[in-house]
Amino acid sequence: MKVRTLRFLLRKEFLQILRDRTILGMLIFMPLIQLLVLANAVTFEVRSASMYVIDRDHSSASRDVVTRLTGSGRFVPAGSSATTREADDAMLERRADMILVIPANFERDLVRDRHAPVQLIFNAENGAAAGVMTSYANAILASSANEFGARINPTPVARLSSDGSLVPVPGHPSIDLQRRGWYNVELDYRQYMVPGILVVLVTIVGTLLTAMNIVREKEAGTLDQLNVTPIDRSTFIAAKLIPLWTFAMADLIMGLIVARFVFGVPMLGSLTLIFFAATIYMIGALGIGLWISTVAETQQQAMFVTFSLLMIYLLMSGLFTPIRAMPTWAQWTTQINPIAHFVALMRSVLLKGATMRDVAQHLLALTGISAAVLGIAVRKYQKRSG
Amino acid sequence: MESRRSALRAFVVKEMRHIMRDRQTLTILLLLPMVMVVLFGFALRDDINQVRVAVVDPAPDYATTALRSRFAGNPRFEIVGTARTIDGVESLFRRGGADLALVFSPGFARSLGDGTPARLLLIGDASNPNTGSAMTAYATAVIASYEAELGAVGRRVRIVPELRMRFNPTLESVNLFVPGLIALVLTLVTALMTAISLSREKERGTLEILLVSPLRPWQIILGKVVPYLLLAVANVVTALLAAWIVFHVPFRGSLTLLLVSSILYSLVGLSLGVLVAAVTSSQRAAMLAAVVGTMLPSTLLSGLIFPIASLPGWLRIVTFVVPARWFIVIARGIMLEGVGVRYLWRELAVLTVMLVVLLVAAVRRFKPRLA
Amino acid sequence: MTTAIAVKDLTRRFGSFTAVDSISFDVQSGEVFGFLGANGAGKTTAIKMLIGLLAPTSGDASVAGFDVATQAEDVRRHIGYMSQRFSLYDDLTVRENITLYGGIYGLSDDVIRDRGDSLIRELQLDDSRDERVASLPLGWKQKLAFSVAMLHEPAVVFLDEPTGGVDPITRRQFWEMIYTVAERGTTVFVTTHYLDEAEYCDRISIMVDGRIAAMGTPTEVKQKFGAATLDEVFLHLVRPAEASHAQSA
């Protein structure tokens, strides 16, 4: 590689990028919009459900249950009636996500038998949401039962503590269970997603823009012109990759600033580690862009192929859904998915403060993948075809 | 009139042949829906099958051992390590090696015997809030049942919820996604492809040639649009087949209604594609606009993957103008709920209005070129 | 006089289709050689093989004394190329294009500056030196592209349809530029489908269906086919080919 030639080429590349309004727009605005819209859109957070009530008991106990549920803010009242017909309609018309049915003799059963059933009917199309709401309901029902029990049983074996849980009177075996959640204490889904979105950002800049850049020269005929000159392959590739690497890093910095100050994502770990990993990752991403440029004839094709590939990689990367929920064979594929490794690394370092040793496995995988991808792409890129 | 009709027919035939010849794109367009259905179905799942537990037991005794064996014996849990102190747990969490940590306090069994509260700390990795709380809930249930067996806390009063999960009793996420996938596939084939194809003709100048031919403008648009419409319908069928064969996604409603709705949605997509081609100045811009303006909202803001209820208020309002959002409600209604026009007329009406608006806008935009 | 371009039995196949069928010819240094043929006759394929963009299926070719197949990099250092689409960077200025190609060909900063300045002066582009190439009129772009191709003073320069789409006056000026460099000893290999330009060449060859159907000075070729203009020669050669195409279609 000749450094002097590289210098001339780099100057040309930077000039061209800075003069192309569309590309500049994509470098500056696309990441920002991605962050602001995506971070808010890609969430599975379940906040509340609209609840239709069929109360056949009309007792103070049943009313208490309903009040507790709606009072928690998680269950929004969507109407009530005595018949299931209207409740069904409400669910089918999507006015209600769930139906609560309190049978007759609810209070009587509670007093007499110390237990009584209620029916929770969910629109379970979104199974995960139904599950989350079920656990909220369970907790509220349990505290409602506890308080009821404490009231009707004046000399209890257990007494009610201030947070609604039962504190056993000494003399009976009991477990004092304390629950704690580490990382993401506010349970803000965005904090979980933003590190991953940063990866998406950087990947699009690296892969898509590299592919489009080279294909644009192909379309204009200037690529032929360059191939006829004595520039050697590695100089040419370096000249194409270095500017985009620079811009991708700049975008990463911008993204991290937004993540910190707009979304409050903690930066517990070392930023140096992040940039180190990003550099390795970028080499792979740029390599894929280079490879795409050898198979696409037009910029549209380049865009099409890039988006299709990226979509598949993103879906299978554990960015949106947990890797361990995938079938085993799919979990194996994540080993060679660079996005999966980088996302896991970002999340560990930013949210958990992971050190280099903690993420060593991911770093090694990224190095291997990037080297392989770049190698394949460079081999495929020929100045002379045929 | 006679000559116009045969001209139109010849034109449609020519367009179809054109598409057939582009084998690369054609293969992608036919295969992609099936690939997407299978991929989404396998990849986008929420249910964690195995919770990895790390145990910190400084002074093991019969009670801690018993409780630990509850977890070990439960197929939902997997004990990934034990330690004497909590420090080892931290690095395990950071490496992503464990989801939960059970931290017993010394003298656990003694406390149980004394009747003083035996302390147990349950630490969950809450970086993913949903799975974090789910896994903690599972563990709490195991602990609670052990506690109950100890002949525990008096005769507690209990309210017992009986759960019924309608429309998706198995709670499989794939049932949620497949109806939405049809929308995505249709958007791809209609809006995206039309935008690209039309803008390519515009750039090459062949559109001008068409416009001075004896064909009326609406006939030109129709001719360009019919092949993609047929392709779209074919895609709906293949996507449904893939979903049914591979994942056994239910289909409880009327197939006719779904096809009719798909055609309606496809027409909306096609009008969008025409409009995008009309307002952009180059192929590159058209593709970018089509992806950002149609594909992305159809994926992210339609309720396909991410529930609309999860979105912040302002984004929820934005979703009202995303056609896919309405179609997904229709598709889910037909496939999972088995309902008909009676409950879906509102969504169908919205799509129809969108179609009219877009068509008018598209035709208006093309008029100046034709005059 | 040395042989600048030597071609022997050069062939290129794409699957079952033979684009260039065993052509042979020599070009002496300092010659202006016109490489003619109908569209699709194989001209562009042949030229791509000579400049190292396409590998030959079989046969030999050497340019500026270097073998095209095995010494491609040496060939590239000694040739200049101007493609059909003029191949300057539209979004760079005149001066930036000159600097870029000068640097790529290893010219020192001083040489780049001096040659660049005189080039700009000769083309009367002094006022436009810092304007983007996209804003130049077509004729100027084309002359500039040629000058940039000659910047490193190559032994052989390849011009692929260099005068497409410009007015006759500009074409005439372009050919004067070609004569100037030829007089200085540069070999010019030019393809064109303007048959009046063919008359300006020292020697020409006409390709039909991948083979060379005629070669020699314009006068020799006209005499051989008993025609008054090269137009007639061309029609005579190309029509039967087209007829046979139509038959087999």
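Preceding this section is the structure that the text describes.
Thresholds, definitions, all that
- Residues numbered from 1 in each chain as written.
- Chains lettered and ligands numbered in written order.
- Predicted model: local features only at pLDDT ≥ 70, side-chain atom pairs only at ≥ 80, totals over all residues.
- Heavy atoms only, no water.
- Helix = DSSP H or I, 4+ residues; strand = E, 2+ residues; numbered from the N terminus.
- Rg over C-alpha atoms; globule rule 2.2 N^0.38 Å.
- Buried < 20%, exposed > 50% of the residue type's maximum accessible area, 1.4 Å probe, protein only.
- Contact = heavy atoms within 4.5 Å.
- Areas by Shrake-Rupley, 256 points an atom, 1.4 Å probe, with all protein chains shown as cover.
- Lys, Arg positive; Asp, Glu negative; His and termini not counted.
- Charge placed at Lys NZ, Arg CZ, Asp CG, Glu CD.
- Buried area = accessible area lost by both parts, 1.4 Å probe.
- Salt bridge = Lys/Arg side-chain N within 4 Å of Asp/Glu carboxyl O.
- Polar contact = N/O pair within 3.5 Å; in protein donor to acceptor, adjacent residues only side chain to side chain.
- Nonpolar A, V, L, I, M, F, W, Y, C, P; charged D, E, K, R; others polar.
- Patch = residues over 30% accessible without salt bridge, like charges linked within 9 Å, V, L, I, M, F, W, Y side chains within 5 Å.
- Pairing = 2+ DSSP bridges.
- Axes fitted to C-alpha atoms, helices over the stretch in contact; angles between N-to-C directions.
- Core = buried A, V, L, I, M, F, W, Y, C linked by side-chain atoms within 4.5 Å.
- Phe/Tyr/Trp six-rings, centres within 6.5 Å; stacked < 30°, edge-to-face > 60°.

Novice: Teacher, can you tell me more about the overall build of chain B here?
Specialist: Counting its secondary structure elements, chain B contains 14 helices and 5 strands. The C-alpha radius of gyration computed for chain B amounts to 29 Å, which surpasses the reference 21 Å derived for 371 residues by more than 25%, pointing to a less compact arrangement than a globule. Overall, the C-alpha framework of chain B stretches about 100 × 45 × 40 Å when taken along its three principal axes. Expressed as a percentage of its 371 residues, the buried residues of chain B come to 54%. Sequence-distant contacts, at least 24 apart, represent 78% of the contacts inside chain B between residues at least 6 apart.

Novice: For this particular structure, what's the right way to read the overall build of chain C?
Specialist: Looking only at helices and strands, one finds 9 helices and 10 strands in chain C. Rg of the C-alpha trace for chain C: 19 Å, near the compact-globule value of 18 Å for 249 residues, within the 12% margin. C-alpha atoms of chain C, sized along the principal axes, occupy 55 × 40 × 40 Å. Taking all 249 residues of chain C together, the buried fraction comes to 52%. Summarising the internal contacts of chain C: among those between residues at least 6 apart in sequence, 67% fall at separations of at least 24. For chain C, the computed accessible surface area is about 10,900 Å², with 48% contributed by carbon and sulfur atoms. Each charge class in chain C was averaged separately, 24 positive and 35 negative side chains, and the resulting centres sit 3 Å apart.

Novice: What is the right way to read the interface of chain B and chain A from this model?
Specialist: A common measure of how large an interface is: the accessible area buried when the components associate. Listed per partner, the contact involves 97 residues of chain B and 99 residues of chain A. Note on chain B versus chain A: buried area summed over both sides is about 9,300 Å², and carbon and sulfur give 64% of it. Area buried by chain B at its contact with chain A is led by Arg94, Ile159 and Arg284 of chain B, which between them contribute 9% of it. At the surface where chain B touches chain A, the tally comes to 8 salt bridges. The salt bridge involving Asp89 of chain A is made with Arg342 of chain B; its shortest N-O contact spans 3.7 Å. If you look at where chain B meets chain A, you find 25 residue pairs in polar contact (both at pLDDT 80 or more). Considering each element in turn, the side of chain B that touches chain A owes the most residues, 9 residues, to strand 5 (residues 158–166) of chain B. A breakdown of the residues in the side of chain B that touches chain A according to their chemical character gives 54 nonpolar, 18 polar and 25 charged.

Novice: What is the right way to read a nonpolar patch on the surface from this model?
Specialist: All names here are of chain A. On the surface, Leu36, Ile253, Ile257, Phe261 and Val262 cluster together into a nonpolar patch covering about 500 Å² of accessible area. By residue number, the principal contributor to the nonpolar patch is helix 9 (residues 233–261), which donates 3 residues. With respect to the secondary-structure elements, Ile257 resides in helix 9.

Novice: What is the right way to read the sheet that holds strand 1 (residues 49–55) of chain A from this model?
Specialist: By way of backbone hydrogen bonds, the strands of a sheet pair with one another, either parallel or antiparallel. The 5 strands lie next to each other as 2(A)-1(A)-3(A)-4(A)-5(B), forming an open sheet whose pairing is mixed. What marks the edges here is a single partner per strand, and that holds for strand 2 (75–80) of chain A together with strand 5 of chain B. Taking the axes of each pair of neighbouring strands and ignoring which way they run, one obtains an average angle of 30° across the sheet. Lying over the sheet, helix 5 (residues 106–113) of chain A contacts strand 3 (98–102) and strand 4 (115–123) of chain A together with strand 5 of chain B, oriented at roughly 135° with respect to strand 4 of chain A.

Novice: For this particular structure, what's the right way to read the environment of Pro266 of chain A?
Specialist: Residues and elements named next belong to chain A. Position of Pro266 among the secondary structure elements: in the loop between helix 9 and helix 10 (271–295). Using a relative accessible area of 22% as the deciding quantity, one classes Pro266 as partly exposed. It is 8.1 Å that separates the C-alpha atoms of Pro266 and Gln191, two residues lying 75 residues apart in sequence. Beyond its immediate sequence surroundings of up to four residues, Pro266 is in contact with Gln191, Leu350 and Leu351.

Novice: Could you clarify how one ought to interpret the side chain of Thr163 of chain C in this entry?
Specialist: Residue and element names in this part refer to chain C. Within the fold, Thr163 resides in the loop between strand 7 (156–160) and helix 6 (168–183). Polar contacts involving the side chain of Thr163 include one to the side chain of Glu197, which spans 2.8 Å. For Thr163, the contacting residues outside a window of four places in its chain are Gln142, Arg171, Phe174, Trp175, Tyr194 and Glu197.

Novice: Hey, could you run me through the nonpolar core in this one?
Specialist: As a rule of thumb, nonpolar side chains are buried together in soluble globular proteins. Core analysis: the largest hydrophobic core is formed by 234 residues, its most contacted members being Phe40 of chain B together with Leu144, Phe146, Leu159 and Val188 of chain C. Those residues in contact with Phe40 of chain B that lie beyond four places of it in its chain are Leu315 of chain A together with Phe177, Leu181, Leu184, Leu304 and Ile305 of chain B. In this structure, Val118, Ala137 and Phe148 of chain A together with Val157 of chain B belong to the second largest nonpolar core, which totals 31 residues.

Novice: How do you make sense of helix 4 (residues 84–92) of chain A when you look at a structure like this?
Specialist: In an α-helix, one full turn covers 3.6 residues, which means residues spaced three or four apart are oriented alike. Taken residue by residue, helix 4 of chain A has Ala87, Asp89, Ala90, Met91 and Leu92 of chain A as its buried positions. At the exit of helix 4 of chain A stands Arg94 of chain A, carrying a positive phi of roughly 60°.

Novice: What's the story with the pattern of salt bridges in this structure? I'm lost.
Specialist: Opposite charge on two side chains allows them to pair when their charged atoms are near. Within this structure, the stated rule accounts for 43 salt bridges over all chains. Among the salt bridges present, the one from Arg203 of chain C reaches Glu31 of chain C, with a minimum N-O distance of 2.9 Å. Of this pair, Arg203 of chain C sits in strand 9 (residues 203–208) while Glu31 of chain C is found in the loop between strand 2 (17–28) and strand 3 (32–37), placing the two residues 172 residues apart along the sequence. For Glu31 of chain C, a relative accessible area of 8% corresponds to the buried category. Where Arg77 of chain C meets Asp74 of chain C, a salt bridge forms, and the shortest distance between an N and an O atom there is 2.7 Å. Note that Arg77 of chain C and Asp74 of chain C are positioned in helix 2 (residues 72–78) at a spacing of 3 residues, about one turn of the helix. The exposure class of Arg77 of chain C is partly exposed, given its relative accessible area of 42%. One network of salt bridges, in which partners are shared, links Lys12, Glu13, Glu217 and Lys240 of chain A.

Novice: Whenever I open this one, the side chain of Asp251 of chain A confuses me. Can you help?
Specialist: Residues and elements named next belong to chain A. Mapped onto the elements, Asp251 comes out in helix 9. Under the relative-accessibility criterion, Asp251 is labelled buried at 5%. In this structure Asp251 touches Leu27, Pro31, Leu201 and Val205, once residues within four positions along its chain are discounted.

Novice: Honestly, the packing of aromatic side chains in this entry has me stumped. Any pointers?
Specialist: The description of two aromatic rings rests on the distance between their centres and on the angle between their planes. According to the stated counting rule, one finds 26 aromatic pairs over all chains in the structure shown. Ring geometry for Trp182 of chain A against Tyr183 of chain A: centres 6.1 Å apart, planes inclined by 65°, an arrangement best described as edge-to-face. Accessibility expressed as a relative area gives 14% for Tyr183 of chain A, which makes it buried. Taking 5.9 Å as the distance between ring centres and 85° as the angle between the ring planes, the aromatic pair formed by Tyr189 of chain A and Tyr192 of chain A counts as edge-to-face. In this pair, Tyr189 of chain A and Tyr192 of chain A both sit in helix 7 (residues 189–220), 3 residues apart, roughly one turn of the helix. Using a relative accessible area of 1% as the deciding quantity, one classes Tyr189 of chain A as buried. An aromatic cluster of at least three residues, connected via ring pairs, comprises Phe44, Tyr189, Tyr192 and Phe320 of chain A together with Phe306 of chain B.

Novice: When you look at the interface of chain A and chain C in this model, what are you seeing that I'm missing?
Specialist: Contact residues are listed per partner, giving 27 residues for chain A and 37 residues for chain C. Together, the buried faces of chain A and chain C total about 2,800 Å²; carbon and sulfur atoms form 54% of this surface. Looking at the side of chain A facing chain C, the largest losses of area belong to Arg19, Val228 and Arg384 of chain A, adding up to 26% of the total buried there. Applying the counting criterion to the chain A and chain C interface returns 3 salt bridges. Among the salt bridges present, the one from Glu73 of chain C reaches Lys383 of chain A, with a minimum N-O distance of 3.7 Å. Our count for the contact surface shared by chain A and chain C stands at 10 residue pairs in polar contact (both at pLDDT 80 or more).

Novice: What exactly am I supposed to notice about unusual backbone geometry here?
Specialist: With glycine set apart, most residues show a phi of negative sign, and most peptide bonds adopt trans. Here Arg94 of chain A, not a glycine, exhibits a phi torsion of approximately 60°, which is positive. Inspection of the secondary structure assignment puts Arg94 of chain A in the loop between helix 4 and strand 3. Using a relative accessible area of 28% as the deciding quantity, one classes Arg94 of chain A as partly exposed. Non-glycine residue Asp9 of chain C carries a positive phi angle of around 55°. Mapped onto the elements of the fold, Asp9 of chain C is located in strand 1 (residues 3–14).

Novice: When you look at the environment of Thr170 of chain C in this model, what are you seeing that I'm missing?
Specialist: All names here are of chain C. Positionally, Thr170 belongs in helix 6. C-alpha of Thr170 to C-alpha of Gln142: the two residues are 28 residues apart in sequence and 9.3 Å apart in space. Excluding its chain neighbours within four sequence positions, the residues that come into contact with Thr170 are Gly139, Gln142 and Lys143.

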